[in-house]
Amino acid sequence: MNEKLKEKIKESLSSVLPITVIVLLLSVTLVPMEIGTLALFLTGAVLLIVGMGFFQLGAEMTMTPLGQSVGSHVIKSNKIWFILAVSFVMGVFITIAEPDLQVLANQVASIPNQVLVWTVAVGVGLFLVVAVLRILFHVSLSNMLLIFYILLFVLSFFSPDSFTSVAFDSGGVTTGPMTVPFIMALGVGFSASRSDRDGASDSFGLVALCSIGPVMMVLLLGIFYNPTDATYVSSELVGVSTTQDVVKQFASFLPQYGEEVLISILPIAAVFIIFQIFTRSYHKRQVLRMVVGLVYTIFGLILFLTGVNVGFAPVGNLLGSGLAESRFKWLLIPIGIVIGFYIVKAEPAVQVLNKQVEDLSSGTISRKMMNTALSIGVACAVALSMVRVLTGINIYWIIIPGYALSLILSRFVPSVFVGIAFDSGGVASGPMTSTFLLPLAMGACSAVGGNIVTDAFGVVALVAMAPLIAIQIMGLIYAHKSKAAAALPAEELQEDTIVDIEEDFE
């Protein structure tokens, strides 16, 4: 086996194993499950581990270099209209290829799937244009975020209450395993053309701005369609009695997800082919490597989506309903904290972002630091989501103070941390959140007699918001440690600062 692939699969195993252990413990204590259900879950876990390993390697081989090359070549044209046109088209194409968006679109019954998908895609395209303009004209990210979030919340007050949570969730699911590697790399390619000291930090923030576009567009769509009847179709458990039934169940879904992934990858493959024909940027060996990477990406996503949707989502729904129906329903909160802490590590896009952050910061912001801060933030977000499910608290009571605090922090932390924090919010809420945590919240909400649309939806939005605060607090600590160590020799400064920050987050 390829050593790099083996390394990626080991990383996936370490990420998914804690969640698997948590589910197994709950199945023998608070929520007993049938053997067939556990078999589906464990098989899904294996597919998820292998799939995520292939996907991460494929993204590293194809999506990242393609995004950087497109960004660097387009920026050299010095034609703003061309740069913006390419940015818009790429934003739309990449979003249509995002599997998470299909999951959300299937749940909004009042709006046709394709209408919702294209609305979100246009939102990403428009705000990718905004993000590129920010890089070109050196506009402060914190100022732009402040303006756009104020506009977003003003707009949300005119949208139906039953649709607000869905709209905010759309911003989280849009920036998933397909969009993040490409958009992040595109930002690196654009900012690389700049020689000023802020060029590297400005490569962050594209994902952050691209997460705002879908929310605004879906809120507008909600006002137009007035979708008060939007519902969520919960995952159903399929009865299996033998190991052969388990294999048949997964095999029956492989063609469906294979077709979805292939269709979603077609625009990206077309971009790669057209770009290579016109620029000849890659020699034969590089082309072969990127084609193999594309195959790895497709294969990995098929396994990942099959494992998550067939094995993880139904068990998440079962766990949520089982816990909420028991005498110990408030245990949903501490259990949510534990699941949230580990589930973010299983998001493919998070690992892609963490690697790029480590590379761009020359190790100053390590993957270990990013993972720890994100895990703490998401754990708190899931806890708040479970509180909402059990009490029916309006999502505004959480997201308005949360985003207000995030925007206030953005005025005091180093600019690079602002971009990383808001980018992290988008990538933390990926396939694992929408296909495990959302069903968990749905199952619990149904059991306690709550409103699924207003109380269960919103978990993705809260997961996307939490890292904004956690990463920026890490930025404050980093700035404080840097000032405290200012008297040290330059060679010791970076090493001691990294050690101190990692100790603070352990």
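The structure we're discussing is the one just above.
Residues numbered from 1 in each chain as written. Predicted model: local features only at pLDDT ≥ 70, side-chain atom pairs only at ≥ 80, totals over all residues. Heavy atoms only, no water.

1. Details of empty space enclosed by the protein
- Overall, the coordinates contain two cavities of 30 Å³ or more when judged by the stated rule.
- Here the largest cavity is characterised by a volume of approximately 140 Å³.
- If you trace the largest cavity, you find 15 residues lining it, with Tyr149, Gly171, Ser211, Tyr403 and Ala464 closest to the centre.
- Elements represented by at least two residues in the lining of the largest cavity include exactly α6 (141-156), α7 (161-174), α10 (206-225), α17 (415-428) and α20 (459-484).
- Residues that form the lining of the largest cavity fall into these classes: 10 nonpolar, five polar and no charged. (1 Å grid on protein atoms, 1.4 Å probe; cavity = no way out; pocket = protein on both sides within 12 Å on 5 of 7 lines; lining within 4 Å. Points joined across faces, edges and corners; volume = space filled by probe spheres on them. Helix = DSSP H or I, 4+ residues; strand = E, 2+ residues; numbered from the N terminus. Nonpolar A, V, L, I, M, F, W, Y, C, P; charged D, E, K, R; others polar.)

2. Let's talk about helix α11 (residues 243-279)
- For α11, spanning 37 residues, the distance from its first C-alpha to its last is 51 Å, which sits close to the expected 54 Å at 1.5 Å a residue.
- Its axis deflected by about 35° at leucine 266, α11 carries its strongest bend there, up to four residues before the proline proline 267.
- Two residues or fewer past α11, arginine 280 is found with a positive phi of approximately 50°. (Expected span 1.5 Å × (residues − 1). Bend = angle between axes of the 7 residues up to and from the residue.)

3. Details of the packing of helix α13 (residues 332-343) against helix α15 (residues 367-391)
- Relative to each other, α13 and α15 sit at 145°, their axes nearing to 7 Å. The handedness of the crossing between α13 and α15 comes out as right-handed. Residues Leu332, Ile333, Gly336, Ile337, Gly340, Phe341 and Ile343 of α13 pack against Ser375, Ile376, Val378, Ala379, Val382, Ala383, Met386, Val387 and Leu390 of α15.
- Along the lines of polarity and charge, the residues of the contact of α13 with α15 split into 13 nonpolar, three polar and no charged. (Axes fitted to C-alpha atoms, helices over the stretch in contact; angles between N-to-C directions. Left-handed = near helix turned anticlockwise from the far one by under 90°. Contact = heavy atoms within 4.5 Å.)

4. Re the environment of methionine 465
- You can see methionine 465 is positioned in helix α20.
- Measuring from C-alpha to C-alpha, the distance between methionine 465 and glycine 172 comes to 8.8 Å, with 293 residues separating the pair along the chain.
- Once you skip the residues sitting within four places of it in the chain, methionine 465 turns out to touch Ile398, Ile399, Gly402 and Tyr403.

5. Here's the deal with the pattern of salt bridges
- A full pass over the atoms with the stated rule returns three salt bridges.
- Two residues, glutamate 3 and lysine 6, come together in a salt bridge whose shortest N-O distance is 3.6 Å. With glutamate 3 and lysine 6 both in helix α1 (residues 3-27), this residue pair falls three residues apart, about one helical turn.
- For glutamate 3, a relative accessible area of 58% translates into the label exposed.
- Since its relative accessible area comes to 32%, lysine 6 is described here as partly exposed.
- The partner of lysine 4 in a salt bridge is glutamate 60, and the shortest N-O contact between them spans 3.7 Å. Of this pair, lysine 4 sits in helix α1 while glutamate 60 sits in helix α2 (residues 35-75); the two residues are 56 residues apart in sequence, bridging distant segments of the chain. (Salt bridge = Lys/Arg side-chain N within 4 Å of Asp/Glu carboxyl O. Buried < 20%, exposed > 50% of the residue type's maximum accessible area, 1.4 Å probe, protein only.)

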